[in-house]
Amino acid sequence: MTTNVSHGEHHHSHHFDSAEHEYSSDKEGLWLFMVTEILMFGGLFVAYAIFHSIYPEMFSEGASHLDWRMGFINTLVLITSSLTMALGIFYNQQNQPKKAFWNLIATILLGCCFLVIKYLEYSGKFHHGIYPGRFLDMAVVNPVHQNLGLYFGLYFCMTGLHGIHVVIGMSLIGWVAVRTYKGHFNSHYYTPVEGVGIFWHIVDLIWIFLFPLLYLVG
Amino acid sequence: MSQHHVIPFKTYMKVAAALVALTFLTVICHELHLGPLAGPVAFLIAAVKAALVLLYFMHLKYDNMQNRVIFGSGLIFLLLLIGFSALDIWTRVQSMSTL
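Let us look at the structure shown here.

Procedures and definitions
Residues numbered from 1 in each chain as written. Chains lettered and ligands numbered in written order. Predicted model: local features only at pLDDT ≥ 70, side-chain atom pairs only at ≥ 80, totals over all residues. Heavy atoms only, no water. Helix = DSSP H or I, 4+ residues; strand = E, 2+ residues; numbered from the N terminus. Buried < 20%, exposed > 50% of the residue type's maximum accessible area, 1.4 Å probe, protein only. Contact = heavy atoms within 4.5 Å. Areas by Shrake-Rupley, 256 points an atom, 1.4 Å probe, with all protein chains shown as cover. Lys, Arg positive; Asp, Glu negative; His and termini not counted. Charge placed at Lys NZ, Arg CZ, Asp CG, Glu CD. Rg over C-alpha atoms; globule rule 2.2 N^0.38 Å. Phe/Tyr/Trp six-rings, centres within 6.5 Å; stacked < 30°, edge-to-face > 60°. Core = buried A, V, L, I, M, F, W, Y, C linked by side-chain atoms within 4.5 Å. Axes fitted to C-alpha atoms, helices over the stretch in contact; angles between N-to-C directions. Parallel < 35°, antiparallel > 145°, perpendicular 65-115°, else oblique. Nonpolar A, V, L, I, M, F, W, Y, C, P; charged D, E, K, R; others polar. Salt bridge = Lys/Arg side-chain N within 4 Å of Asp/Glu carboxyl O. Polar contact = N/O pair within 3.5 Å; in protein donor to acceptor, adjacent residues only side chain to side chain.

The next thing to look at is the overall build of chain A. When you go through chain A residue by residue, the secondary structure sums to seven helices and zero strands. When the helices and strands of chain A are read in sequence order from the N terminus, they spell out α-α-α-α-α-α-α. Based on the C-alpha atoms only, the size of chain A along its principal axes is roughly 75 × 30 × 25 Å. Every one of the 218 residues in chain A was classed for burial, and the buried ones make up 52%. The long-range fraction of contacts in chain A, counting pairs at least 24 apart against all pairs at least 6 apart in sequence, stands at 76%. A total accessible area of about 9600 Å² is found for chain A, and carbon and sulfur atoms account for 65% of it. Side-chain charges in chain A split into 9 positive and 14 negative, and the spacing between the mean points of these groups amounts to 11 Å.

Within chain B one finds three helices and zero strands. A globule of 99 residues ought to have a C-alpha radius of gyration of about 13 Å, yet chain B, at 20 Å, is considerably larger. Each of the three principal axes of chain B carries a C-alpha extent, and together these read 70 × 35 × 20 Å. For chain B, with 99 residues in total, the buried portion stands at 32%. Accessible area of chain B: about 6400 Å², with a carbon and sulfur share of 74%.

We now examine the packing of aromatic side chains. Residues and elements named next belong to chain A. Counting across every chain of the model gives 30 aromatic pairs over all chains. When the centroid spacing of 5.2 Å and the interplanar angle of 85° are considered together, the rings of Y48 and F59 count as edge-to-face. With Y48 in helix α1 (residues 19–54) and F59 in helix α2 (residues 56–64), this residue pair connects regions lying eleven residues apart in the sequence. F59 gets classed as buried once you look at its relative accessible area, which sits at 0%. Here F101 and W102 contribute two aromatic rings whose centre-to-centre distance is 5.1 Å and whose plane-to-plane angle is 75°, an arrangement assigned as edge-to-face. By relative accessible area, W102 is classed as exposed at 56%.

If you look at the biggest cluster of nonpolar residues, it comprises 89 residues, and the most contacted ones within it are W31, Y151, F152 and Y155 of chain A together with F57 of chain B. Apart from the residues lying within four places of it in its own chain, the contact partners of F152 of chain A are G62, H65, L66, K125, I130, Y131, P132 and L136 of chain A.

Moving on: the environment of E61 of chain A. Residues and elements named next belong to chain A. Considering the arrangement of structural elements, one finds E61 in helix α2. The spatial distance from the C-alpha of E61 to the C-alpha of H145 is 7.8 Å, given a sequence separation of 84 residues. Apart from residues lying up to four places away in sequence, E61 is in contact with P143, V144, H145 and L148.

A word on the packing of helix α1 (residues 9–31) of chain B against helix α2 (residues 38–57) of chain B. Residues and elements named next belong to chain B. Look at α1 against α2: their axes get within 10 Å of each other, and the N-to-C directions meet at 170°. Classed by the angle they form, the pair α1 and α2 counts as roughly antiparallel. Residues T11, Y12, V15, A16, A18, L19, L22, T23, L25, T26 and C29 of α1 form the contact with α2, whose own contacting residues are V41, I45, V48, K49, L52, V53, Y56 and F57. Looking at side-chain class alone, the contact of α1 with α2 contains 15 nonpolar, three polar and one charged residues.

Residue and element names in this part refer to chain A. For N95, which is not glycine, the phi torsion reads 60° and is therefore positive. The backbone phi angle of N142 is positive, close to 50°, even though this residue is not glycine. Structurally, N142 is set in the loop between α5 (138–141) and α6 (148–181).

A few words on the interface of chain A and chain B. Listed as interface residues are 44 residues of chain A and, on the opposing side, 46 residues of chain B. Linking chain A with chain B are one salt bridge, by the criterion used here. The residue D63 of chain B makes a salt bridge to K27 of chain A at a minimum N-O spacing of 3.4 Å. Counting every contact that joins chain A to chain B gives five residue pairs in polar contact (both at pLDDT 80 or more). Of all the elements in the fold, those that place two or more residues in the side of chain A that touches chain B are α1, α3 (68–93) and α7 (191–217) of chain A. Element by element, the count of residues in the side of chain A that touches chain B is highest for α1 of chain A, at 15 residues. A class-by-class count of the residues in the side of chain A that touches chain B yields 29 nonpolar, ten polar and five charged.

Here we take up the side chain of T75 of chain A. Examined against the element boundaries, T75 of chain A turns out to sit in helix α3. For T75 of chain A, a relative accessible area of 0% translates into the label buried. Excluding residues within four positions of it along the chain, T75 of chain A makes contact with W207 and F211 of chain A together with T23 and K49 of chain B.

Here's what the structure looks like:
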């Protein structure tokens with residue numbers, strides 16, 4: 001390839017015509033991946049909708065066991081983390097890696113904050129005998145509706161799968177933060193940050209639906 | 001590489017502010033106890049928030065047609081799943097178990 005290049009400059013792989021070709025192919029792959037994410041969570045949302053239409057009172061009872069303030073705070077935490085993630089990309093586009101790095105670190109810290117609140121919620125539920133499905137402790141919870149475990153089966157599956165995504169997202173942000181710090185990215189090449197950003201935003205997007213459906217509507 | 005569209009800093013701030021405001025609106029609507037409308041209203045607000053995240057944070061507004069179609073195809077398949085599931089549930093003949 002060309003000689004006389006400065007350190008850290010990105011070269012597109014040889015199977016792409018140009019850097020632009022590489023960038024658009026990477027993004028196409030990412031959006032296809034996002035579709036699989038939407039459909040995976042979509043299945044759970046459809047399960048929620050079906051059982052909610054069959055047992056509306058049972059879902060209200062389930063939601064009454066949740067503290068909406070916790071979900072509310074976590075929604076604000078994730079929205080803020082989405083902003084810092086977007087700024088992490090923005091400052092890489094502006095050739096300001098230091099600012100990009102600190103925004104990415106802030107995103108990871110907000111992710112930690114989300115998980116701590118989620119941990120407090122989960123441990124509170126376990127403490128009160130609330131487990132998914134048939135593991136729900138009927139003697140301790142003493143539910144009005146005998147199938148309350150169904151609601152918490154959905155609750156733990158949906159928020160649990162979402163929580164796994166938060167952990168994976170934080171790890172990926174850590175990876176691009178280190179690369180940002182090392183000066184791997186600039187206004188011409190920041191594809192990994194853009195891709196990780198799209199993943200992090202879809203995690204936020206799913207929570208945007210989980211919060212009202214699980215905590216408020218019930 | 002040609003320059004990509006860079007969304008201005010101000011736009012990001014406005015979108016974030018709108019998302020926070022809509023989160024408060026969700027809670028306010030919940031406190032109003034809208035009854036049967038509570039579900040659709042909460043879902044509608046969530047859909048607006050999701051659109052803001054998709055268009056601005058995920059840059060879909062300035063992305064090429066290909067990626068928009070890919071996202072749209074996901075949405076269509078999700079609607080198919082919801083649609084046929086709803087048809088199944090609503091058209092079932094209710095009958096009492098003999099057990």
